Each structure stands twice: as structure tokens, then as C-alpha cells.
Amino acid sequence: MTVTSLSEYLDTEMLNELASRFSDAVGGKVRILSADGSLLAGQGPQGPPSAQAKVLLDGGHIGTIALDGPGVQPPAAESVRLLGLMQDVLTRLCRQARQLRDRVEELAAMYRLTEVFTGRTDLKQVHQLVAETMVKATGADACSIRVLNEERTELMTIAVHGLSEEYMSKGPILLADSQIDQEILASGKCVYIPDERTDPRVLYKTEARREGIVSALCAPMTYKGRLEGIIRVYTRRPHEFDWFETSLVGGVAAQAASAIVNARLYNEALEAERIRRQLRLAAEVQRRMIPPQAPRVEGLEISGIYEPCFELGGDFYDFIELPKGNLGVCVGDVVGKGVPASLLMALVRSSLRAHVAHVYELSEVLAAVNLDLWRQSDERDFATMFYGVLDVPGRRLTYCSAGHEPALLVREGRGTWLAGSGGVLGIDPAMRYRNQVLGLRRGDLLLIFTDGLPEATNFKHETFTRDRVRAAALEACRRGESAEGVGKHLLWEVRRFAGLQTRSDDLTLVAIKVQ
């Protein structure tokens, strides 16, 4: 709305106060009139004044200040000078009032935008809403929103309003080629384009002429000091954006950047939660592959512990019932952690169970598992495994190791490491393995574990080591702990050693005690 009167800037009380003060200053009657000559404030004759001065604002006549002296004689020079000062005071007051009003309008507009953006979580909807709101708030003809790609090399169009598809598909906006966008990135301020059709900084002048756009204002969408994108506001006529419009566009751009980033973060949080739910489901499936409890075998105490580093892990242990009352015992460790390791773990476990069903020799079982993993996995994937068969009546353990941590035999107060006999699974398809046989005695303790036990670290980056594993196992045996007690004691010692240090590897442990 165009303001044409002083009274629309200053209220009656203020005008009367000014008229009174002016009258006291000049020692005469001062009247304040509207642009059409109507009395706004002051008293005096209604005839022609002895002197008057127009109050102008941006070239527009908005009022008059009139000096009434005795008769209509020309006023003294001092009175004319004071009249000029009064004119200047009124002009300054009106300009300040207009600036204050504009600022209030801007703040109101920003508040409305905040209400509009708050609670919007659909990213595409937020993009389009920003473009439409920018046009409505500024009175412009069109708006486009571009955001930087992940490499921060190109500005990708995500929303437009008032522009044709043909114009928006005119070509890429590479940051390295766009002088305007580089200027915005460097300064962090709005950039004005007087005429898109002729400005040498514009990349697509022909397309701008065809689209009918002329002036433009480009504003950075900055969130926490980081440029997220650029908003361009267009007019179809020559237009010079004033300080209020520039400030408003910059403010809306900042609000839009915040809304877009928040919506993106919200959607990323939803996606992360969806993935977490999937991981929890996958972890439940994986845990069902781990025996819920150790088998009850006469003459043996057996316990197992499985603690993955993440929800999904690459460690596993298994107990397999075999003919003639034998029991297969397996502890495996797949390279890596998380989802890839869990998938490889399932592959290795399935392959083992498939082959033990019809292959008798342990060395041949591991050779078959090795070949399966080599064929069905990447060259960087591998696994280690300790597989043994307990002949309970014969008190004998036949075992075979594929690059796995050596098992620990505790007998008569001494701990002995059971050396392996072959390389890891999945690297060499021609790898061969060798069976080894161990006679068992009453009171023996067999400890089979993954490297997450001896390689657990503390805050000093020291590892738990096999020596500490052996010492903890010997201590548990001296105390007469059961197989389950031995496992819990070892777990406690590892936790006590590592403290609050975050574990970086899965931990699996099987303890077998001969009664």
C-alpha cells in the first residue's frame, strides 16, 4: 500500500506535540497539514501561511508544515531556517516510522513462514512449499530452489514455482561454471541480477529471454554456516529489489534451509530406524542359529557364551548331534563385523551342517566347507574354525582347526594350547587339513574361543592376551568352577581388564569339562 499522508506515519498525539514544540521554537503558530491541505495538527488562521515547507518522502509529497506569523509579511530569516529544520525532523520521523513498520511486517512474514514450515516432515513437500511461499511473500513471479549434490559440485533443481519445465530442463548448473553461485558461496550474501537476458554472469540468457524472466535475486540457503543450496526469485519486468525485499528473501532462504535440513534429518532418522528394526529382526534370526542352551551329555559339562560386538556378528558356535552318541562341537569366526559378517557366518554354518551329515572325516568336512566359501564369497572374505567331535564313551576328542585360535586344555593345574593344522577357510581352494586326536581325562577342561577373547583391549591399548586367558582358566579350575562358571569367570576377567573401553570384536567361548 502507498502511504500518502503524514497521519499514516505519525499519530494525532505525536503530530500535536510536534506542532506545539515547533510553535514555541519560532514564537508563532505552526500548523501541520496533509498533502491535500487538511489540518492535521496545530492552531492558527486558515488563510495563506507566511511560510511553508513540503514534507517529502522518497520524492512523494506526504504533508506540509505551515508557519503563521502576524499578517502575511515575509518571515524572518531565522524563522525560515527553523522551518527547514522542522521539515527535516518530520521527514526523519516519517522515514523511521516507515522502516519500523517494514521491519514489523518482515518479522510478521517470517513468523508466518515459521508456522508454515514447522512440523513439515515430507522433504518434497517442504521443497515445493518453500518455492510457493517465496513467491507469495515477495510478490515475485517465479522461484526456483536448487541444492548442492553430495559432491558439492552441482546445483540440482528440487522445486520450482511459476517456471516452465522446458526452462528448468535447460541444462546443469555446475558450481565451477556459475559465476553468480560462486559469488554467493564466497560472500554468503544475496546477489542481484538486473536483467537475466543480458547479464554476462548468467549461463542461460537465451532460455531466460524465451521464458520471459528479467530481474532476479539469488539468496544463499545456509544452515549453521554451511551452504545447502540457492533460492532464485524472478520477476517478468525490470525490478530493483529494495532492502526490505532483499532482507525478506534472505530471511526466507535461511528459514527454508533450516526447514529442508530438518526434514532431511527427520527422514534420515526414519530410515535409520527402519534399518535398525531390520537389523534387530536379522539379529533375532542369527541368534536362533546359536544354540539357546548347551546339550546335556552324560559325563560332560558344556556351556557356551556368544557376545556380538554389534547387533549382528560374525562369530558363532554350534553343537551337532552325530551317530553313535558322538557330539560335534564347532566355534567359528568370520572376517569383519555387522551385516556382511553375519551373512558369511550363516553360509559357513550351513555348509558345515550340510557336509557333516554325510562326510565322516573331519579334515574332509573342513576341506568341503573351505571350497564352498571360496566359491560363494569375495576373495577378501575368509573364516576360521575349530571343529571337533567328542566320543563320550571313549573319552576322546578328534579335532581339526582352520586357522583358528588354539584351544586351551587345562589338565592337572596346567594349561596346554592345542595347535591347529590348517589355514583359514575361503582363501585357497586346495587347502588340506589334518585330524588330531586327544584323549580326555576326568577333570579336564577344554576351552574353545574366538580371537575376541585374547585380543580384547583396554584404554592403554593393551590386549588381554592368551596368557591372561590361561591364567583366568587355571584360576577358575582351582576354585572348582563348573563349565558355566569357568565361562562366566573368563568373561568377568575380560570386562574387568577392558573397563569401559568399547569392544571392537565379537566374543565367543565354549567350555567343556570332563566329569
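Think of each chain on its own: its residues are numbered from 1, step by step along the sequence as written. Per-residue local features are limited, in this predicted model, to residues with pLDDT of at least 70; the limit for side-chain atom pairs, both in listing and counting, is 80 or more; totals at the level of whole chains, interfaces and linings are taken over all residues. Side-chain measures were taken over the full set of non-hydrogen atoms in the model, leaving aside hydrogen atoms and water.

### Here we look at the pairing of strand β20 (residues 507-514)
Piece 1. A simple rule labels every residue: compare its accessible area, found with a 1.4 Å probe on the protein chains alone, to the largest value its type can have, and call it buried under 20%, exposed over 50%, or partly exposed in between. The helix count covers DSSP runs of H or I at least four residues long, the strand count covers runs of E at least two residues long, and both are numbered beginning at the N terminus. Within β20, eight of the eight residues are buried, which leaves it mostly tucked inside the rest of the structure.
Piece 2. Taking every second residue as pointing to the same face, both faces of β20 are buried, with L507, L509, A511 and K513 on one and T508, V510, I512 and V514 on the other.
Piece 3. A pair of strands is treated as paired once DSSP finds two or more bridges between them. Note: strand β19 (residues 445-449) against β20, five bridges, orientation antiparallel. Within β20, the position partnered with L447 by the bridge is A511.

### As for the pattern of salt bridges
Piece 1. The term salt bridge refers to a side-chain nitrogen of Lys or Arg lying within 4 Å of a carboxyl oxygen of Asp or Glu. Tallied over the entire structure, the rule returns 25 salt bridges.
Piece 2. A salt bridge links R21 to E17; the nearest nitrogen and oxygen atoms lie 3.0 Å apart. Of this pair, R21 and E17 both sit in helix α1 (residues 12-26), four residues apart, which is roughly one turn of that helix.
Piece 3. Overall, R21 belongs to the exposed group, its relative accessible area being 54%.
Piece 4. A relative accessible area of 38% places E17 in the partly exposed class.
Piece 5. Residue D195 pairs with R197 through a salt bridge whose shortest N-O separation is 2.9 Å.
Piece 6. Taking the relative accessible area as the measure of exposure, D195 reaches 17% and is therefore buried.

### Some details on helix α10 (residues 465-478)
Piece 1. If you check α10, its first and last C-alpha atoms are 20 Å apart, about what 14 residues at 1.5 Å a residue would give, namely 20 Å.
Piece 2. Listed as buried for α10 are V469, A472, A473, L474 and A476.
Piece 3. Should any heavy atoms of two residues lie within 4.5 Å, those residues are considered in contact. Lining the buried residues of α10 we find β16 (407-411), β17 (414-418), β19 and α11 (483-498).
Piece 4. Two residues or fewer after α10 comes G480, characterised by a positive phi angle close to 75 degrees. For a helix, the expected span equals 1.5 Å multiplied by the number of residues minus one.

### Some remarks on the packing of helix α7 (residues 243-289) against helix α8 (residues 338-356)
Piece 1. It is at 11 Å that the axes of α7 and α8 come closest, and there the two elements cross at 30 degrees. Here α7 is positioned roughly parallel relative to α8, judged by the angle of their axes. α8 is crossed by α7, and the crossing has left-handed handedness. Mapping the contact onto sequence places L279, Q286 and M289 in α7 and V339, S342, M345, A346 and R349 in α8.
Piece 2. Amino acids are sorted into nonpolar (Ala, Val, Leu, Ile, Met, Phe, Trp, Tyr, Cys and Pro), charged (Asp, Glu, Lys and Arg) and polar (every other residue, Gly among them). Tallied by class, the residues present in the contact of α7 with α8 amount to five nonpolar, two polar and one charged. Axis lines are fitted to C-alpha atoms, over the contacting stretch for helices. Their N-to-C directions set the angle, which ranges from 0 to 180 degrees. Any angle that falls under 35 degrees is termed roughly parallel, while one over 145 is termed roughly antiparallel, one within 65 to 115 roughly perpendicular, and all others oblique. Left-handed describes a crossing whose near helix is turned anticlockwise from the far helix through less than a right angle; right-handed describes the clockwise counterpart.

### Observations regarding the sheet that holds strand β3 (residues 51-57)
Piece 1. Within the open sheet, the four strands sit side by side as β2-β1-β4-β3. Their pairing is antiparallel. The sheet is open, and its two borders are formed by β2 (39-41) and β3, each paired with just one other strand. Strand after strand, the sheet turns through a mean of 35 degrees between neighbouring axes, direction not considered.
Piece 2. Relative to β2, strand β1 (residues 29-34) is paired through two bridges, and the arrangement is antiparallel. Note that in β2 the partner of I32 across the bridge is A41.

### Some points on α11
Piece 1. In this model, α11 (16 residues) spans 23 Å end to end at C-alpha, consistent with the 22 Å of a helix rising 1.5 Å per residue.
Piece 2. Taken together, the buried positions of α11 are occupied by A483, G485, V486, G487, H489, L490, L491, E493, V494, F497 and A498.
Piece 3. In this structure, the buried side of α11 is in contact with β11 (300-307), β19, α10 and β20.
Piece 4. Looking one or two residues past α11, G499 carries a phi angle of roughly 65 degrees, positive in sign.

### Things to note about the nonpolar core
General note: in soluble globular proteins, nonpolar side chains tend to be found buried as a group.
Piece 1. For this analysis, a nonpolar core means a set of buried residues of the types Ala, Val, Leu, Ile, Met, Phe, Trp, Tyr and Cys, connected via side-chain atoms within 4.5 Å. Ranked by internal contacts, the top residues of the largest apolar core, which has 50 residues, are L352, M385 and Y387.
Piece 2. Those residues in contact with Y387 that sit more than four places away from it in its chain are L322, G328, V329, C330, L352, V356, L362, V365, L366, T398, Y399 and C400.
Piece 3. Counting 27 residues, the second largest nonpolar core, distinct from the first, contains M221, V233, A256 and A257.

### A closer look at the packing of aromatic side chains
Piece 1. Any two of the Phe, Tyr and Trp rings considered here, Trp counted by its six-membered ring, make a pair once their centres fall within 6.5 Å; the pair's planes then place it as stacked at under 30 degrees, edge-to-face at over 60, or tilted in between. Under the definition given, this model contains six aromatic pairs.
Piece 2. Note on Y192 and F241: the rings are 6.1 Å apart at their centroids and 75 degrees apart in plane angle, and the pair reads as edge-to-face. Here the residue Y192 occupies a position in strand β8 (residues 191-193), and F241 occupies one in the loop between β10 (226-234) and α7, the gap between them amounting to 49 residues.
Piece 3. Between F386 and Y399 the ring centres are 5.5 Å apart and the planes differ by 15 degrees, which places this aromatic pair in the stacked class. Of this pair, F386 sits in strand β14 (residues 383-391) while Y399 is found in strand β15 (residues 396-402), placing the two residues 13 residues apart along the sequence. As far as burial versus exposure is concerned, F386 and Y399 are alike and both buried.

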